[in-house]
Amino acid sequence: MLNRLHANFRAVLELSSEFAMVHRHGRIVFANAALVRALGLGTRDDLIGTPVVDLYDDENLEVVEARVLAPPDSTSLPSFGLRWRAKGGAFRTTEATAARIEMDGAPAVIVLARDVTERAEFQDRLLERDRMAAIGTLSAGVAHEINNPLTYLLVNLEHVLRRLRAASASDDPIAELDDVAGDGMPVLVQALQQAVDGANKVRQIVRDLLTFSQGSVEQRGGVDVRGIVESATQMAWHEIRHRARLVKSLSEVPPVDANEARLGQVFLNLLVNAAQAIPEGRADQHEVRVITRTNEHGSVVVEVSDTGMGIPPENLSRIFDPFFTTKGATGTGLGLAISHGAIRSLGGDIKVTSVPGRGTTFQVTLPPSKSWRRAAPSSSHDLRTQVRRRVLIVDDEPLVGEAIARALSEENDVEVVTEAKQALARVQKGAVYDIVLCDLMMPVMTGMDLYAELVRAAPKLAGRLVFMTGGAFTPRARAFLENVVNPCLEKPLDTSKLRSIVARAASKD
Ligand SMILES: Nc1ncnc2c1ncn2[C@@H]1O[C@H](COP(=O)(O)OP(=O)(O)OP(=O)(O)O)[C@@H](O)[C@H]1O
Ligand SMILES: [Mg+2]
């Protein structure tokens with residue numbers, strides 16, 4: 001009788017379209033056909049007796065140890081996400097449950113898992129589409145935001161250029177510069193200062209755009225939520241400005257493990273929704289408020305509130321449903337559904353409270369990064385005590401090399417080349433440098449290639465290579481940067497940061 005029951009139990013598991021696997025002390029004793037097929041594992045006999053951990057993606061390790069190898073002894077076991085390793089480097093994403101059972105008269109653990117790979121991929125694609133749509137809508141606004149600072153940047157530069165030209169053509173340049181009534185040196189300095197401010201503004205906007213465009217590469221790491229919220233508000237500013245004041249209260253928060261672009265998209269969705277809930281043209285009476293803070297459990301909390309029309313109670317349970325929208329043809333109803341999915345996949349949550357006629361608050365909670373450690377503040381370096389360093393700049397854009405050289409030449413001996421090949425040739429001929437600033441992506445020989453060559457030809461110098469990048473990473477470049485310890489500076493470069501990096505190279509030996 002008992003034997004028959006056992007036989008039936010196996011038969012049921014065997015028929016199931018869900019994955020079924022039983023292990024004893026971490027070794028597989030049973031795997032059903034669905035599992036063997038989905039993972040492309042050849043025959044079942046190959047599996048029996050092998051270690052369970054071989055079936056899973058290493059990223060799962062914690063989950064596997066806590067839930068699969070030794071599941072808690074309880075009757076109500078919530079399901080958990082589990083990634084299985086399939087043949088040829090592919091993965092299957094599942095929702096799994098595991099429980100202690102008895103099989104063939106001895107204790108064992110059974111794992112049942114539903115394959116949700118396609119659903120997860122579909123969600124990823126939706127997310128990607130929503131992101132592209134959001135960038136499309138907002139790019140007009142962003143162009144506008146860039147044109148303002150660009151205008152005062154150019155007008156001021158042209159003014160200074162005209163005055164300098166006149167001065168250099170005159171017999172007494174200094175007198176000429178100082179002479180013009182009410183427009184002497186201080187005014188020129190002010191014009192240049194405003195040009196720099198304008199350029200910095202453009203830099204910030206471009207940086208914000210990049211934050212949103214890197215989403216297709218699945219990259220996760222401790223990211224700074226405050227910075228992402230800041231970028232999202234910049235991106236949404238064009239939607240908000242006609243409708244409300246923007247109030248930001250952004251406290252420092254621990255980093256979270258997430259993809260910057262996706263997280264940015266979530267906040268962007270919430271901010272655009274907040275703006276759209278407020279009528280246009282009474283910006284002085286309305287408010288969109290953004291808060292970042294840390295809650296009592298150490299989680300990161302981001303709140304987006306508006307003083308808009310609010311959400312009727314009967315809609316509250318539906319707003320996260322895909323395609324639910326009250327905006328007619330202008331809304332897709334995907335924004336919140338996608339945001340919700342993205343936040344849940346990070347182990348976080350989105351909650352909403354709303355009073356019709358008064359306003360709405362969305363609250364996002366995110367767990368802090370597992371690898372988070374408070375970084376010690378770096379000691380500042382006194383530039384005045386610096387020894388002159390020998391600097392080599394490698395950049396295929398001559399104007400970039402020239403400008404950096406100009407900024408560094410006062411305190412250092414600087415050489416500039418436009419090809420990595422030339423840099424290598426100089427080193428091979430015996431030239432000595434304390435630091436090499438090298439563009440990462442160049443058409444013929446890249447910064448990565450130069451690094452590889454230097455590792456062979458001058459290993460010490462390879463360690464002193466500092467990369468510069470405009471932000472467009474190929475997958476190869478990204479992988480490369482993850483594997484080297486060399487710093488990478490983002491263009492447009494921050495001159496004071498650059499000078500302090502060069503200065504620090506000095507204290508190395
Ligand atoms: N801050 C808010 N105030 C009032 N209603 C909101 C707010 N945020 C969301 N909603 C409601 O939730 C619905 C769904 O929002 P969601 O972002 O998913 O889609 P959508 O904004 O309608 O369309 P899309 O985001 O594609 O433009 C909205 O149509 C709106 O009715
Ligand atoms: Mg929306």
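These figures come from a predicted structure and were not determined experimentally.

About the criteria used
Think of each chain on its own: its residues are numbered from 1, step by step along the sequence as written. All chains are assigned letters beginning with A, and all ligands numbers beginning with 1, in the order in which they are written. Confidence filtering applies because this is a predicted model: local features only for residues at pLDDT of at least 70, side-chain atom pairs given and counted only at 80 or more, and all residues used for totals across whole chains, interfaces and linings. Strands are runs of DSSP state E lasting at least two residues, helices are runs of H or I lasting at least four, and both sets are numbered from the N terminus onward. Only the C-alpha atoms count toward the radius of gyration. The rule for a globule is 2.2 Å times the residue count to the power 0.38. Residues are defined as contacting one another if the C-beta atoms placed from their backbone atoms lie within 7 Å. Annotation comment: domain bounds sourced from an automatic or database domain assignment. In this analysis, residues qualify as near a molecule or strand once their C-beta atom, positioned from backbone atoms, comes within 6 Å of it. Gly is placed with the polar residues, together with every amino acid not listed as nonpolar (Ala, Val, Leu, Ile, Met, Phe, Trp, Tyr, Cys and Pro) or charged (Asp, Glu, Lys and Arg). Only when DSSP finds a minimum of two bridges between them are two strands counted as paired. Helix axes are fitted only over the stretch in contact, all axes being lines through C-alpha atoms; the angle between N-to-C directions runs from 0 to 180 degrees. Connectivity within a nonpolar core runs through C-beta atoms within 7 Å, and the core itself is a set of buried Ala, Val, Leu, Ile, Met, Phe, Trp, Tyr and Cys residues. Once C-beta atoms are placed from the backbone, each residue is buried if 20 or more other C-beta atoms lie within 10 Å of its own, exposed if 12 or fewer, and partly exposed for counts between those two. Throughout this description, any angle smaller than 35 degrees is read as roughly parallel, any larger than 145 degrees as roughly antiparallel, any in the 65 to 115 degree range as roughly perpendicular, and the remainder as oblique. Whether a crossing is left-handed or right-handed is set by the direction in which the near helix is turned from the far one by less than a right angle, anticlockwise for left-handed and clockwise for right-handed. By definition, the arc is the one covered by directions from the helix axis to the C-beta atoms. Known as pLDDT, the predictor's per-residue confidence is scaled from 0 to 100. Bending is quantified residue by residue as the angle between axes fitted to the seven-residue window ending at that residue and the seven-residue window starting at it.

Visitor: So what about the overall build of the chain? Which residues, and what values?
Guide: Counting its regular elements, the chain contains 17 helices and 17 strands. Computed over C-alpha atoms, the radius of gyration of the chain comes to 30 Å, more than 25% over the 23 Å expected from 2.2 N^0.38 for 509 residues, which places it beyond the range of a compact globule. Overall, the chain is about 115 × 70 × 40 Å in size when its C-alpha atoms are taken along their principal axes. Intrachain contacts of the chain at a sequence separation of at least 6 include 65% that bridge at least 24 residues.

Visitor: So, the domain arrangement of the chain: which residues are in play, and what are the values?
Guide: Taken domain by domain, the chain consists of domain 1 (2–115), domain 2 (121–366) and domain 3 (383–506). Its C-alpha centre places domain 1 at a distance of 51 Å from the equivalent point of domain 3.

Visitor: I'd like a description of the site of ligand 1, backed by residues and values.
Guide: Near ligand 1 lie 22 residues; those nearest to it are Ala-277, Thr-325, Gly-331, Gly-335 and Leu-336. Secondary-structure elements contributing two or more residues to the shell around ligand 1 are α9 (260–276) and α11 (335–345). Partitioning the shell around ligand 1 into residue classes produces 9 nonpolar, 11 polar and 2 charged.

Visitor: Mind laying out unusual backbone geometry, listing which residues take part and the relevant values?
Guide: Look at the link from Lys-491 to Pro-492: it is a cis peptide, with omega at -5°. Backbone geometry places His-25, a non-glycine residue, at a positive phi of 50°. Tracing the backbone through its elements, the reader meets His-25 in the loop between β1 (19–24) and β2 (27–31). With a phi angle near 50°, Asp-104 is a residue other than glycine that sits in the positive phi range.

Visitor: A description of the pairing of strand β3 (residues 80–85) should follow, citing residues and the corresponding values.
Guide: Bridge count between β3 and strand β4 (residues 91–103): 6 bridges; the pairing is antiparallel. Within the sheet, the bridge partner assigned to Gly-81 lies in β4 and is Glu-95. Count of turn residues in the β3/β4 antiparallel hairpin: 5 residues, of which Gly-88 carries a positive phi of about 75°.

Visitor: Explain the sheet that holds strand β9 (residues 287–294) residue by residue, including any values.
Guide: As summarised here, the arrangement of the 5 strands in space is β7-β9-β10-β12-β11, forming an open sheet in which the pairing is mixed. With one partner strand each, in any of the chains shown, β7 (245–250) and β11 (349–355) form the two edges of the open sheet. Direction aside, neighbouring strands of the sheet carry axes that sit 10° apart on average. Taken together, the 7 bridges between β9 and strand β10 (residues 300–306) define a ladder with antiparallel strand orientation. Across the sheet, the residue bridging to Ile-291 is Glu-303, located in β10.

Visitor: Go over the pairing of β9, please, and point to the residues and values.
Guide: Here 6 bridges tie β7 to β9, and the two strands are oriented parallel to one another. Bridge pairing links Leu-246 to Val-288 in β9. Connecting the antiparallel pair β9 and β10 is a turn made up of 5 residues, with Gly-298 showing a positive phi of about 85°.

Visitor: Give me the environment of Ala-407: which residues, what numbers.
Guide: Within the element layout of this structure, Ala-407 appears in helix α12 (residues 398–409). Placed 91 residues apart in sequence, Ala-407 and Leu-498 show a C-alpha to C-alpha distance of 9.1 Å. Discounting residues that sit within four places of it in the chain, Ala-407 has contacts with Thr-495 and Leu-498.

Visitor: For the nonpolar core, give the residues involved together with the corresponding values.
Guide: One finds Val-225, Ala-232, Ala-236, Phe-267, Leu-271 and Ala-275 to be the most contacted residues of the largest nonpolar core, which totals 41 residues. Among the elements of the structure, α8 (225–240), β8 (256–258), α9, β9, β10, α11 and β12 (359–366) are those that each provide at least two residues to this core. The element that contributes the greatest number of residues to this core is α9, accounting for 9 residues. With 31 residues, the next largest nonpolar core counts Val-416, Ala-423, Val-436 and Ala-503 among its residues.

Visitor: Can you lay out the environment of Phe-473 for me, pointing to particular residues and giving the numbers?
Guide: The topology assignment puts Phe-473 in the loop between β16 (465–469) and α16 (475–483). In this structure the C-alpha to C-alpha distance between Phe-473 and Ala-86, which are 387 residues apart in sequence, comes to 29 Å.

Visitor: Pulling in residues and values, what's your account of the packing of helix α13 (residues 420–428) against helix α14 (residues 447–457)?
Guide: Two elements in contact, α13 and α14, have axes whose closest approach is 10 Å; the angle formed by their N-to-C orientations is 15°. Overall, the two elements α13 and α14 adopt an arrangement that is roughly parallel. The two elements α13 and α14 meet at a crossing, and its hand is right-handed. On α14, the residues touching Ala-420, Ala-423, Leu-424, Val-427 and Gln-428 of α13 are Gly-447, Asp-449, Leu-450, Glu-453, Leu-454 and Ala-457. For the contact of α13 with α14, the class distribution of residues is 7 nonpolar, 2 polar and 2 charged.

Visitor: Now, about helix α4 (residues 61–69): what can you tell me, with residues and values included?
Guide: Taken as a whole, α4 has its buried residues at Val-64, Arg-67 and Val-68. Taken end-on, α4 shows its buried residues confined to a sector of 105°, consistent with a single buried face. Residues of α4 that are exposed and point over 90 degrees away from its buried face: Glu-62 and Glu-65. The secondary structure elements touched by the buried residues of α4 are β3, β4 and β5 (106–115).

Visitor: Give me the confidence of the model for the chain: which residues, what numbers.
Guide: In low-pLDDT segments, the atomic positions of the prediction should not be examined closely. Averaged over every residue, the pLDDT of the chain is 85; the share at 70 or more is 90%. Low confidence marks residues 373–384, where pLDDT is under 50. Its contacts with residues over four positions away, or in another chain, come to 7 contacts.

Visitor: Talk me through α8; I want residue IDs and the actual numbers.
Guide: Along α8, the largest kink reaches about 35° and is centred on Gln-234. Looking at α8, one finds that the buried residues are Val-225, Ile-228, Val-229, Glu-230, Ser-231, Ala-232, Thr-233, Gln-234, Met-235, Ala-236, Glu-239 and Ile-240.

Visitor: Give me the packing of α8 against α9: which residues, what numbers.
Guide: The relative placement of two packed helices comes down to the angle between their axes together with the axis-to-axis distance. Packing of α8 against α9 brings their axes to within 8 Å, and their N-to-C directions diverge by 35°. Crossing of α8 over α9 shows right-handed handedness. Between α8 and α9, the residues in contact are Ile-228, Val-229, Ser-231, Ala-232, Thr-233, Met-235, Ala-236, Glu-239 and Ile-240 and Glu-260, Leu-263, Gly-264, Phe-267, Leu-268, Leu-271, Val-272 and Ala-275, respectively. Taken together, the residues of the contact of α8 with α9 break down into 12 nonpolar, 3 polar and 2 charged.

Visitor: Tell me what's going on with the sheet that holds β3, and back it up with residues and numbers.
Guide: Spatially, the 5 strands line up as an open sheet ordered β2-β1-β5-β4-β3, and their pairing is antiparallel. Only two strands of the sheet have a single neighbouring strand rather than two, namely β2 and β3. Each strand axis lies, on average, 40° off the axis of its neighbour in the sheet, ignoring direction. Sheet strands in contact with α4 are β3, β4 and β5, and its direction is about 110° off that of β3.

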